Amino acid sequence: MKSNLILLRYGELALKGKNKSEFEDRLVQNIRQKLSGFPGVAVSKAHGRIFVELNDQEMDPIIRELSEVFGLVGFSPAIRIRSELGEIQKAALELVEQSSGIRTFKVISKRADKKFPIGSQELNHRVGGYILSRCPKVKVDVHHPDLSVHVEVRGTYSYVYGNDIPGPGGLPVGSSGRVMLLLSGGIDSPVAGYMALKRGVELQAIHFHSYPFTSERAKQKVIDLAQILTRFGGRIRLYVVPFTEIQTEINKHCYESYSITVMRRMMFRISEELAKRNQALALVTGESLGQVASQTLESMNAINEVVRIPVLRPLIGMDKHEIMTVAKKIGTYETSILPYEDCCTVFLPKAPKTKPDREVAAKQEARLELERLIQEAVEGTEVIDLEPGQKEDEFSYF
Ligand code: ATP
Ligand code: MG
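Note that the structure is a prediction, hence the values are computed from the model and not measured.

**Q** So what exactly am I meant to see when it comes to the UniProt feature "binding site: ATP" (unreviewed entry) in the protein here?
**A** When the UniProt feature table is mapped to this numbering, "binding site: ATP" (unreviewed entry) covers Leu182, Leu183, His207, Phe208, Arg264, Gly286 and Gln295. Along the chain, the position of His207 falls in strand β11 (residues 202-209). Contact partners of His207, with chain neighbours within four places excluded, come to Leu183, Ser184, Val222, Leu238, Tyr239, Val240, Val241 and Asp342. On the accessibility criterion, Gln295 (9% relative accessible area) is buried. If we skip the residues at most four places from it in the chain, Gln295 touches Glu287, Ser288, Leu289, Gly290 and Met300. In this structure the side chain of Gln295 is engaged in a polar contact, spanning 2.9 Å, whose partner is the backbone nitrogen of Ser288.

**Q** Honestly, the environment of Leu147 in this entry has me stumped. Any pointers?
**A** With respect to the helices, strands and loops of the structure, Leu147 is situated in strand β7 (residues 147-154). Classification of Leu147 by relative accessible area gives buried; the value is 4%. For the pair Leu147 and Ser294, spaced 147 residues apart in the sequence, the C-alpha separation amounts to 51 Å. If we skip the residues at most four places from it in the chain, Leu147 touches Leu95, Val96, Ser99, Ile102, Thr104, Phe105, Lys106, Gly162 and Asn163.

**Q** Even after reading the chapter, I still don't get the domain arrangement of the protein, so can you show me in this structure?
**A** One widely used convention gives an interface's size as the accessible area the parts lose upon coming together. The domain boundaries assigned to the protein delineate domain 1 (5-166) and domain 2 (178-397). The centre of domain 1, based on its C-alpha atoms, is set 43 Å off from the matching centre of domain 2. If you look at the interface, domain 1 gives four residues, while domain 2 gives six residues. Of the roughly 570 Å² buried at the junction of domain 1 and domain 2 (both faces included), carbon and sulfur atoms supply 51%. Summed over the shared surface of domain 1 and domain 2, the number is one salt bridge. A salt bridge links Arg231 to Glu68, with the nearest nitrogen and oxygen atoms 2.9 Å apart. Joining domain 1 to domain 2, the criterion identifies two residue pairs in polar contact (both at pLDDT 80 or more). For the side of domain 1 that touches domain 2, the class distribution of residues is one nonpolar, no polar and three charged.

**Q** Whenever I open this one, the packing of aromatic side chains confuses me. Can you help?
**A** One pass over the structure, following the stated rule, counts six aromatic pairs. Ring plane angle 40 degrees and centroid distance 6.0 Å describe the contact between Tyr10 and Phe23, whose orientation is recorded as tilted. A residue pair is termed long-range when its members are at least 10 positions apart, and Tyr10 in strand β1 (residues 5-10) and Phe23 in helix α1 (residues 17-34) qualify at 13 residues. For the residue pair Tyr10 and Phe23, the accessibility class agrees, reading buried in each case.

**Q** How should I be thinking about the site of ligand 1 in this particular structure?
**A** In the region of ligand 1, 22 residues are neighbours, and Leu182, Ser184, Asp188, Ser189 and Arg264 sit closest. Residue Leu182 places a main-chain N or O atom 2.6 Å away from an oxygen atom belonging to ligand 1. When ligand 1 is considered free in solution it has 590 Å² of accessible area, and contact with the protein chains removes 90% of it. When residues of the shell around ligand 1 are traced back to their parent elements, those giving at least two are α5 (188-198), β11, α8 (259-277) and α12 (343-346). Considering each element in turn, the shell around ligand 1 owes the most residues, three residues, to β11.

**Q** Explain the UniProt feature "domain: THUMP" (unreviewed entry) in the protein here, please?
**A** UniProt tags residues 60-164 as "domain: THUMP" (unreviewed entry). Secondary structure over residues 60-164 splits into 34% helix and 32% strand, and the C-alpha atoms at its two ends are 14 Å apart.

What counts, and where the lines are drawn
Here the residue index of a chain counts from 1 through its sequence in written order. Chains and ligands are labelled sequentially in the order written, the chains with letters from A and the ligands with numbers from 1. pLDDT decides what is reported in this predicted model: residues at 70 or higher carry local features, side-chain atom pairs at 80 or more are listed and counted, and totals for whole chains, interfaces and linings draw on all residues regardless. Computation of side-chain values covers all heavy atoms of the structure but excludes hydrogens and water. UniProt positions are given in the numbering used here, feature names are shortened, and annotations may be inferred rather than shown by experiment. Strands are runs of DSSP state E lasting at least two residues, helices are runs of H or I lasting at least four, and both sets are numbered from the N terminus onward. The contact criterion used is simple: two residues touch if any of their non-hydrogen atoms lie within 4.5 Å. A simple rule labels every residue: compare its accessible area, found with a 1.4 Å probe on the protein chains alone, to the largest value its type can have, and call it buried under 20%, exposed over 50%, or partly exposed in between. Distance and chemistry together define a polar contact, namely a pair of N or O atoms within 3.5 Å, with one atom able to donate a hydrogen and the other to accept it when in protein, and with adjacent residues in sequence counting only for side-chain atoms on both sides. For the purposes of this description, domain bounds are those given by an automatic or database domain assignment. Note on terms: buried area is the combined drop in 1.4 Å-probe accessible area of two parts once they are placed together, counting the loss on both. Just to be clear on terms, a salt bridge is a Lys or Arg side-chain nitrogen sitting within 4 Å of an Asp or Glu carboxyl oxygen. Nonpolar residues are Ala, Val, Leu, Ile, Met, Phe, Trp, Tyr, Cys and Pro. Charged residues are Asp, Glu, Lys and Arg, and all others, Gly as well, are polar. A pair of Phe, Tyr and Trp rings is counted when the ring centres sit within 6.5 Å of each other, with Trp represented by its six-membered ring. The angle between the planes then sorts it: under 30 degrees is stacked, over 60 is edge-to-face, the rest tilted. We call a residue near a molecule or strand when any one of its heavy atoms sits within 4 Å of it. Residue exposure ignores everything except the shown protein chains as possible cover, and the areas themselves are Shrake-Rupley values with a 1.4 Å probe.

Set out below in structure tokens:
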């Protein structure tokens, strides 16, 4: 008898009532979507838990997939048996034998069905005794056991399960509304997207592309990054905004020291417009504080004032090292460090203003045909839909 299911725990203690059932339904839906490539695997919900029935599929690849589903707090390999003492004992022994390298254990029983004739204390003893008599290598340690053998008696069936494997936490993607991630090819913005996904948003991404100043490969790099994020976010729509004319115009008409400020004001305006058209409620950026000239508070003020939509900056409390650690963990780092130019670096001024003045910025951009430039960029935007598990030649462009 092998572990035939995975027991999933989910969290956010504060959830109640209608929110709770929406949270659960969304989570189950996301799990089903994530495991759709495993035929026969069944996902069900019972007693405030979610169960994944393996039906002969291997456990490890499925746990790997589940570790990318936000809202899951932990997993335990579990065995379901009929609620009979002998069956429970055998399953518990099986669990101990399968857990390599353990020396101590403890049985924790819970009798949810009071019709079962044995109380939980006695069940602890009977199951523990059974294991001790058949498995001489292990001892009981009630304080710090290597393995906790959980026994849960529920109606017709009981569950035996082991230690908790931590999940990613957070909220199920899709439970918090839609946001637009400003996705460059750098290290930070994919991490910002991941952090936003963790709080349950549905993600769409916007990339500003300045072909031919930036190459097709730079664009492909961003597509690849968005594709990696689909592992956590499910389907992601990517908007590629043509930014060449705007950058050229800024370069021609504005003070060099203000080019970054004006450029980012344009990015925000266009992003707000795309958010409005696509029912997104916030922008998300990979900005942090004090990393570069465009990320001082003065600069954020000068940039942020041109939009009304909230701008979320999930990396604000992290330093570069922490951001890189997350980037490596989620698998975006290797792609992010590929050396293709981003549109921001192409026209990089020698001395960007670290404390740009809002009025000067406004005066500078008054030299541009703002409305027309924004309109044309929005109208010329290319839409790329990315599905989880997709390969490069399967992208749908339209
Ligand atoms: P990243 O590592 O994400 O590129 P960064 O540290 O290089 O960020 P900036 O160049 O100041 O910082 O960009 C700040 C943020 O602006 C980015 O994190 C991203 O959200 C957004 N951004 C910058 N360039 C682009 C672009 N070409 N397309 C879309 N968003 C962009
Ligand atoms: Mg960058």
